[in-house]
Amino acid sequence: QVQLVESGGGLVQAGGSLRLSCAASGRTFNMAWFRQAPGKEREFVGGITWSDGNTSYAASLKGRFTISRDNAKNTVYLQMNSLKPEDTAVYYCAGQRFPGPIWVATLYAYWGQGTQVTVSS
């Protein structure tokens, strides 16, 4: 069983930046970030393939969020810029046990505990 541990969340003013990290205890395939705001369903933020590092993002976030991966460290990062109050949510890192479409949450076998991101106006 692979454990995922997120870090880097916190409180930031609108327009600011945060960088989240997710360290995996073992190897995973594709990895992604999801988020869940209070009273809302969990939504796909973005993901990165294990084989070639291709990234995909939710259309509404593309251009502000960037995902990267260090396979040697089994770590994935989420750089968030120009943050808005509506980005406030718990952010979850997820890893696939077998490679599949990045945006499908049910294909992820491994999940982190989540890290809170709060953006103040």
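Shown above is the structure to which this text applies.
No experiment lies behind these values; they were computed from the predicted model shown. Just so you know, the residues in each chain are numbered from 1, in the order the chain's sequence is written. Only residues with pLDDT of 70 or above have their local features reported here, since the model is predicted, and side-chain atom pairs are shown and tallied only from 80 upward, although totals for entire chains, interfaces and linings are computed over all residues. Each side-chain value is worked out from all heavy atoms of the structure, with water and hydrogens disregarded.

A. Layout of the overall build of the chain. Within the chain, the regular secondary structure consists of zero helices and eleven strands. Helix and strand definitions follow DSSP, with helices as H or I runs of at least four residues and strands as E runs of at least two, each counted in order from the N terminus. Listing each helix as α and each strand as β along the chain from the N terminus yields β-β-β-β-β-β-β-β-β-β-β. Here the C-alpha atoms of the chain give a radius of gyration of 13 Å, agreeing with the 14 Å that 2.2 N^0.38 yields for 121 residues. Each of the three principal axes of the chain carries a C-alpha extent, and together these read 40 × 25 × 25 Å. A burial count over the chain gives 44% of its 121 residues as buried. Only heavy atoms matter for contacts: two residues are in contact if any of them lie within 4.5 Å across the pair. In the chain, the proportion of contacts linking residues at least 24 apart, taken out of those at least 6 apart, comes to 57%. Using a 1.4 Å probe, accessible areas were evaluated by the Shrake-Rupley method; residue-level cover was limited to the displayed protein chains. With the model as given, the accessible surface of the chain reaches about 6200 Å², and the carbon-plus-sulfur share is 50%. For the purpose of charge, His is not counted, nor are the chain termini; Lys and Arg are scored as positive and Asp and Glu as negative. Just so you know, the charge point we use is NZ for Lys, CZ for Arg, CG for Asp and CD for Glu. Looking at the chain, you have 11 positive and 7 negative side-chain charges, and the mean spots of the two groups are 4 Å apart. Two things to know: the radius of gyration comes from C-alpha atoms, and the globule rule equals 2.2 Å times the number of residues to the power 0.38. Partly exposed describes any residue whose relative accessible area lies between the buried limit of under 20% and the exposed limit of over 50%, with all areas from a 1.4 Å probe on protein chains only and scaled to the type maximum.

B. View of the pattern of salt bridges. Within this document, salt bridges are pairs made up of a side-chain nitrogen of Lys or Arg and a carboxyl oxygen of Asp or Glu, the two lying within 4 Å of each other. The full count for this structure, using the stated rule, is three salt bridges. Linking Asp87 and Arg35 is a salt bridge whose minimum nitrogen-to-oxygen distance equals 2.9 Å. Separated by 52 residues along the polypeptide, Asp87 in the loop between strand E8 (75-80) and strand E9 (89-96) and Arg35 in strand E4 (residues 31-36) bring together distant segments of the chain. Asp87 is the partner of Arg64 in a salt bridge, and the nearest nitrogen-oxygen pair spans 2.8 Å. You can see Arg64 sitting in the loop between strand E6 (55-57) and strand E7 (65-70) and its partner Asp87 sitting in the loop between E8 and E9, a full 23 residues away along the chain. Each member of the salt-bridge network shares a partner with another, and the members are Arg35, Glu43, Arg64 and Asp87.

C. Representation of the sheet that holds strand E1 (residues 4-7) within the structure. Reading across from one edge, E1-E3-E8-E7 is the order of the four strands in this open sheet, with antiparallel pairing throughout. The open sheet has two edge strands with one neighbour each: E1 and E7. The mean inter-strand angle of the sheet, taken between neighbouring strand axes irrespective of direction, is 15 degrees. As judged from the four bridges shared by E1 and strand E3 (residues 18-24), these two strands associate in the antiparallel manner. Strands were regarded as paired on the criterion that DSSP finds at least two bridges between them. The axes are straight lines fitted to the C-alpha atoms, using for helices just the contacting stretch, and the angles between their N-to-C directions are given from 0 to 180°.

Function cannot be inferred from these measures alone, as they are strictly geometric.
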